[in-house]
Amino acid sequence: MTAPRPRLRRSLTASAVVAAMLALAACGSTGGPGESSGAGTSSSAAGSDGAAGEPTTGGTLEVGFAEDIANYDPHQRPQLTARTISRQIADTLTDQDPETGEIVPFLAESWEISDDATEFTFTLREDATFSDGTPVDAAAVKANFDRIIEIGALSYVGAGLLRNYTGSEVLEPYVVKVSFSEPNAQFLQATSVASLSILAPATLELSPEEVAAGNVIGSGPYTLESYDANAGITLKVREDYAWGSPLYENDGRGYFDEIHFSFITEQVTLAGAVASGQIDYAYNLVAASLPTVEAANAQLVEVSMPAISIPIVPLVYREVWSDERTRQALNAATNREAIAQTVFEGRNKPATGVLTTSNPGYVDLSDKLAYDPERAVELLEEAGWTEVGSDGIRSKADGTRLSAEIQYASNGTNDLFLQLLQQQWAQVGIELVLTPVAAATLSEYTIHNYPFDLTTWSQTRADADVLRTVYSSFYENQSFLFGHPDAEIDALLGTLQSTVEQADRLEISRQVQELLLDRAYTVPLYDLVQYSAGVESLGGIGTDIEGKPLFVDFYQES
């Protein structure tokens, strides 16, 4: 389970990028309501090539985000923007070392796991408090896990991590036992992700809507002072913070008194803001904006994310995808190398499997993803798409046209990327209809009521169990297979969750990924690389294993 540290560089090789990556919040999506949680491989120690001056204390760190997802409950939406805020205000029981994959203590100073992985007993450190002064104790941990189960599908990632949860028992004020009815081998790693952040009891008493609006109290190094869709988000430092992860460089309070997040939706403007020094840090830049950052000699943070490879997903409950062969033709018709080179000029690598190469569950399935337009045509004809119109688009004998629509957030770069895919598919007779909409429109849909044919979802997590989050029908209304649950895949994903031996887990992961491709439930495109940038004078730049900045370490050099 080794995950590389992010590479921090003042600039990359300058080149003109024709187009950029889809604006996915890996917790984000381009094609529809699919969300990516968050996702990445990174480290708090990255920064050896950054600012070298002594840290100063005080002032405001100005950060730019490209989107506002309007839900800042760590237990709910898993987009990267929300999880980045959560990382600053709410701690987790454990943390995961980006270099080794090792799970290390955080709020929990130690733990014991039963031989059958059904009981996890955590001993908490006794000095941690929530920002309202209440202790981070066993009762609070129990209340958090109970609440995640209670809100159900609103916390479909967190509840999935707690699947088969039978309850938590307070053994001592700072000792809690978490129990499951079946083995839950992935649970220890799950306690390091933002979806299982520990929130104050006062927050848990609020409605999910109130918490989503920013009423969040945690034990992190900063507190959420205010949130406004127009004014942005303001965090304030906790003077008494002294229980950070051992992966943090900073042992105490954050260096900045405040962190202010502005929403700068235009990517060129976002890159220009950090290049000119109007903001100190720009989070999650698209590839097309990187030359602007490089020209300014800003510090570029590149994180290879351990995630689901960025896919296009045919929603199998739509009639156009009812025949497996039609779905299979999509993979054969997709030239991933052309996407990587033309759209990203090599900054992102073409997908070679369902998972990215930095995910511990990665399996090389590039033979199933070979570009083979002749095979795509054969599959389409076998599926009955035998008629070819004057425009080159196929149809069936009854006149049904081979046309599929994707709805996506239009920002220039998305348009260019999807236009290339549109051209590739048209060569074999598939019409890809592009419907650009405002990002807010996409948030109105969930997977089960999405009225179009294609979407995308890249979930970030450094564990093969991320496959279960996206492709299991545990929460059927959130699964891409809604209305078409695959019993074999469900069974394997359940076994993956309950299997303890790592070699066995990897074998199960391989079987799942092969089935996902054989049955064409996904069209992997490229491995997700996350780019962010900081001004030259900013020190301590680093991220956690999911690519979220660790702002407690950031400082302005003296």
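Bear in mind that the values here come from a model prediction, so they are computed numbers and not experimental data. (Residues numbered from 1 in each chain as written. Predicted model: local features only at pLDDT ≥ 70, side-chain atom pairs only at ≥ 80, totals over all residues. Heavy atoms only, no water.)

**Looking at the sheet that holds strand 2 (residues 55-56)**
Argument step 1. In spatial order, the strands read 2-24-23; together these three strands make up an open sheet with antiparallel pairing. The open sheet has two edge strands with one neighbour each: strand 2 and strand 23 (538-539).
Argument step 2. Relative to strand 24 (residues 555-557), strand 23 runs antiparallel, the two sharing two bridges. Of the residues in strand 24, the one forming a bridge with L538 is Q556. (Pairing = 2+ DSSP bridges. Helix = DSSP H or I, 4+ residues; strand = E, 2+ residues; numbered from the N terminus.)

**Considerations on unusual backbone geometry**
Apart from glycine, the bulk of residues carry a negative phi angle, and the bulk of peptide bonds sit in the trans form.
Argument step 1. With a phi angle near 65°, N284 is a residue other than glycine that sits in the positive phi range.
Argument step 2. You can see N284 is positioned in strand 13 (residues 281-285).
Argument step 3. Among the residues examined, N284 registers a relative accessible area of 15% and is labelled buried.
Argument step 4. Located in the positive-phi region is N297, a residue other than glycine, with phi close to 60°. (Buried < 20%, exposed > 50% of the residue type's maximum accessible area, 1.4 Å probe, protein only.)

**Some points on the packing of helix 15 (residues 487-498) against helix 16 (residues 502-518)**
Argument step 1. Their axes nearest at 9 Å, the elements helix 15 and helix 16 cross at an angle of 160°. Comparing the axis directions of helix 15 and helix 16 gives the class roughly antiparallel. Like other packed secondary-structure pairs, helix 15 and helix 16 cross with a definite hand, here left-handed. Taking contact as the criterion, the partners of E488, I489, L492, L493, T495 and L496 in helix 15 are, on helix 16, R505, I508, S509, Q511, V512, L515 and L516.
Argument step 2. Per-class residue counts for the contact of helix 15 with helix 16 are eight nonpolar, three polar and two charged. (Axes fitted to C-alpha atoms, helices over the stretch in contact; angles between N-to-C directions. Parallel < 35°, antiparallel > 145°, perpendicular 65-115°, else oblique. Left-handed = near helix turned anticlockwise from the far one by under 90°. Contact = heavy atoms within 4.5 Å. Nonpolar A, V, L, I, M, F, W, Y, C, P; charged D, E, K, R; others polar.)

**A few points about the pairing of strand 13**
Argument step 1. Burial analysis of strand 13 places five of its five residues in the buried class, which makes it a mostly covered element.
Argument step 2. For strand 3 (residues 60-65) and strand 13, the ladder comprises two bridges, and the chain directions are parallel. When the sheet's bridge partners are listed, V63 is paired in strand 13 with Y281.

**Thoughts on the side chain of D527**
Argument step 1. Of note, D527 is situated in the loop between strand 21 (523-526) and strand 22 (529-534).
Argument step 2. For the buried D527, no salt bridge is present, and the opposite-charge side chain at shortest range is R336, 9.0 Å distant.
Argument step 3. A polar contact of 2.9 Å, which involves the side chain of D527, links it to the side chain of S309.
Argument step 4. Setting aside residues up to four positions removed in sequence, D527 forms contacts with S309, N348, K349, P350, A351, L355, T356 and T357. (Lys, Arg positive; Asp, Glu negative; His and termini not counted. Salt bridge = Lys/Arg side-chain N within 4 Å of Asp/Glu carboxyl O. Polar contact = N/O pair within 3.5 Å; in protein donor to acceptor, adjacent residues only side chain to side chain.)

**Thoughts on the side chain of R461**
Argument step 1. You can see R461 is positioned in the loop between strand 20 (454-455) and helix 14 (466-471).
Argument step 2. Among the polar contacts made by the side chain of R461, one reaches the side chain of Q186 at a distance of 2.7 Å.
Argument step 3. A polar side-chain atom of R461 sits 2.8 Å from a polar atom in the side chain of D465.

**Considering the sheet that holds strand 8 (residues 165-172)**
Argument step 1. With antiparallel pairing, the four strands of this open sheet are ordered in space as 6-7-9-8. A single partner strand is all that each edge strand has here, and the edge strands are strand 6 (108-113) and strand 8. Within the sheet, the average angular offset between the axes of one strand and its neighbour, ignoring direction, is 20°.
Argument step 2. Here strand 6 pairs with strand 7 (residues 119-124) via five bridges, running antiparallel. Of the residues in strand 7, the one forming a bridge with A108 is L124.
Argument step 3. Helix 2 (residues 138-151) contacts strand 7, strand 8 and strand 9 (175-180) of the sheet and is inclined by roughly 170° relative to strand 8.

**Quick word on the confidence of the model for the chain**
Argument step 1. Per-residue confidence for the chain gives a mean pLDDT of 86; residues scoring 70 or more make up 86%.
Argument step 2. Across residues 1-51, confidence stays below pLDDT 50; counting only partners more than four residues off in sequence or on other chains, it has 261 contacts. (pLDDT = per-residue confidence, 0-100.)

**Regarding the pattern of salt bridges**
Argument step 1. Under the definition given, this model contains 30 salt bridges.
Argument step 2. Residue R347 is joined to E294 by a salt bridge in which the shortest nitrogen-to-oxygen separation is 3.1 Å. In this pair, R347 sits in the loop between helix 10 (336-343) and helix 11 (373-382) while E294 sits in helix 8 (residues 290-295), placing the two residues 53 residues apart along the sequence. For the pair shown, R347 and E294 are each scored as buried.
Argument step 3. Connected through salt bridges with shared partners, the residues R83, R87, D95, D544, E546 and K548 form a single ionic network.

**A closer look at the packing of helix 9 (residues 324-333) against helix 11**
Argument step 1. In the contact formed by helix 9 and helix 11, the axes pass within 8 Å of each other and the chain directions differ by 170°. When the axis of helix 9 is compared with that of helix 11, the two are roughly antiparallel. With respect to the hand of their crossing, helix 9 and helix 11 are arranged in left-handed fashion. Contacts between helix 9 and helix 11 involve R325, T326, Q328, A329, A332 and A333 on the former and, on the latter, P373, A376, L379, L380 and E382.
Argument step 2. Residue composition of the contact of helix 9 with helix 11, grouped by class: seven nonpolar, two polar and two charged.

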